[in-house]
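Observations on the model geometry
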Amino acid sequence: MRNKIVIFLIGIILFSCQRKDSSSYWTIAYKNDKSGNVILGSKLQLIEAIRKGASIKIGWGTKGKSHQIEHISEPIWIAILDEKEVVAHLEPQTLSKTDWKNLTANYSDSTLAKSEWRVAITTKGEFDAIWYDRQSHQITKRRPQKHVITWFIKDVDNKIIAEPLFNE
């Protein structure tokens with residue numbers, strides 16, 4: 001009986017020490033600098049993951065003179081352009097007001113509720129943001145930018161062959 005317990009405990013230890021499946025964790029597939037140059041990973045790795053149905057998150061940020069902010073978002077729409085570049089659109093957002101003194105956010109400024117913030121992001125480091133007035137159906141502001149952008153992937157099924165999604 002004692003030998004069975006020892007074998008059972010060794011089995012539990014060996015099982016718990018096994019390497020977890022890396023596809024269930026967020027990993028960086030591609031990261032570009034502000035000019036769109038590769039910092040880490042590859043566009044091909046990102047494109048293959050998208051074609052295999054992977055979950056995608058995009059991260060970017062900015063550091064000003066007195067504050068810094070980082071964002072992570074899951075796109076609602078992704079396109080692969082000419083099998084070379086990726087474009088992603090984020091879900092429209094009603095932006096909150098940031099209280100930098102207390103490091104919180106709120107909707108105390110009710111005038112912000114009439115506008116949506118919409119963004120298109122590319123693997124070239126392009127980040128095109130607009131503010132859309134939902135009452136007048138007009139774009140009230142456009143702010144094209146360049147950012148260091150990180151593309152994260154998860155749940156990549158490596159049994160799937162990453163073939164183009166268009167018909168030839």
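Scope of this entry: the structure provided in the associated data block. Just so we're clear, the structure is a prediction, and the values are computed from it rather than from any experiment.

**Notes on the pattern of salt bridges**
- Taken as a whole and assessed by the stated rule, the structure comprises six salt bridges.
- Across the salt bridge formed by Lys 114 and Asp 133, the nearest N and O atoms sit 3.3 Å from each other. Separated by 19 residues along the polypeptide, Lys 114 in the loop between strand S8 (104-106) and strand S9 (115-122) and Asp 133 in strand S10 (residues 126-133) bring together distant segments of the chain.
- A relative accessible area of 36% places Lys 114 in the partly exposed class.
- Relative accessible area serves as the criterion here: at 6%, Asp 133 is assigned to the buried category.
- Three or more residues are tied together by salt bridges with common partners; here these are Glu 116, Arg 118 and Arg 134.

**Section: the sheet that holds strand S5 (residues 77-81)**
- On the basis of which strands lie adjacent, the open sheet formed by five strands has the order S5-S6-S9-S10-S11 and antiparallel pairing. Looking at which strands have only one partner, the edges of the open sheet turn out to be S5 and strand S11 (138-146). The average angle at which neighbouring strand axes cross in this sheet is 15°, direction not considered.
- One ladder, built from five bridges, connects S5 with strand S6 (residues 85-89); its direction is antiparallel. Each residue of the ladder has a partner; that of Ile 80, found in S6, is Val 86.

**A short note on a nonpolar patch on the surface**
- On the surface, Ile 28, Ile 39, Leu 40 and Val 148 cluster together to form a nonpolar patch covering roughly 300 Å² of accessible area.
- Within the secondary structure, Ile 39 sits in strand S2 (residues 38-41).
- Under the relative-accessibility criterion, Ile 39 is labelled partly exposed at 45%.

**Section: the sheet that holds strand S1 (residues 27-32)**
- Within the open sheet, the five strands sit side by side as S2-S1-S12-S3-S4. Their pairing is antiparallel. In this open sheet, the two strands that pair with only one neighbour each are S2 and strand S4 (68-73). Averaged over all neighbouring strand pairs, the angle between strand axes comes to 20°, with direction disregarded.
- Sheet topology note: the S1/S2 ladder contains three bridges and is antiparallel. Residue Tyr 30 lies in a different strand from S2, and its bridge partner there is Gly 41.
- The strands that helix H2 (residues 43-51) touches are S1, S2, strand S3 (55-63) and strand S12 (149-154); relative to S1, the one it contacts most, it runs at about 130°.

Quick notes on the rules
Residues numbered from 1 in each chain as written. Predicted model: local features only at pLDDT ≥ 70, side-chain atom pairs only at ≥ 80, totals over all residues. Heavy atoms only, no water. Salt bridge = Lys/Arg side-chain N within 4 Å of Asp/Glu carboxyl O. Helix = DSSP H or I, 4+ residues; strand = E, 2+ residues; numbered from the N terminus. Buried < 20%, exposed > 50% of the residue type's maximum accessible area, 1.4 Å probe, protein only. Pairing = 2+ DSSP bridges. Axes fitted to C-alpha atoms, helices over the stretch in contact; angles between N-to-C directions. Patch = residues over 30% accessible without salt bridge, like charges linked within 9 Å, V, L, I, M, F, W, Y side chains within 5 Å. Areas by Shrake-Rupley, 256 points an atom, 1.4 Å probe, with all protein chains shown as cover. Contact = heavy atoms within 4.5 Å.

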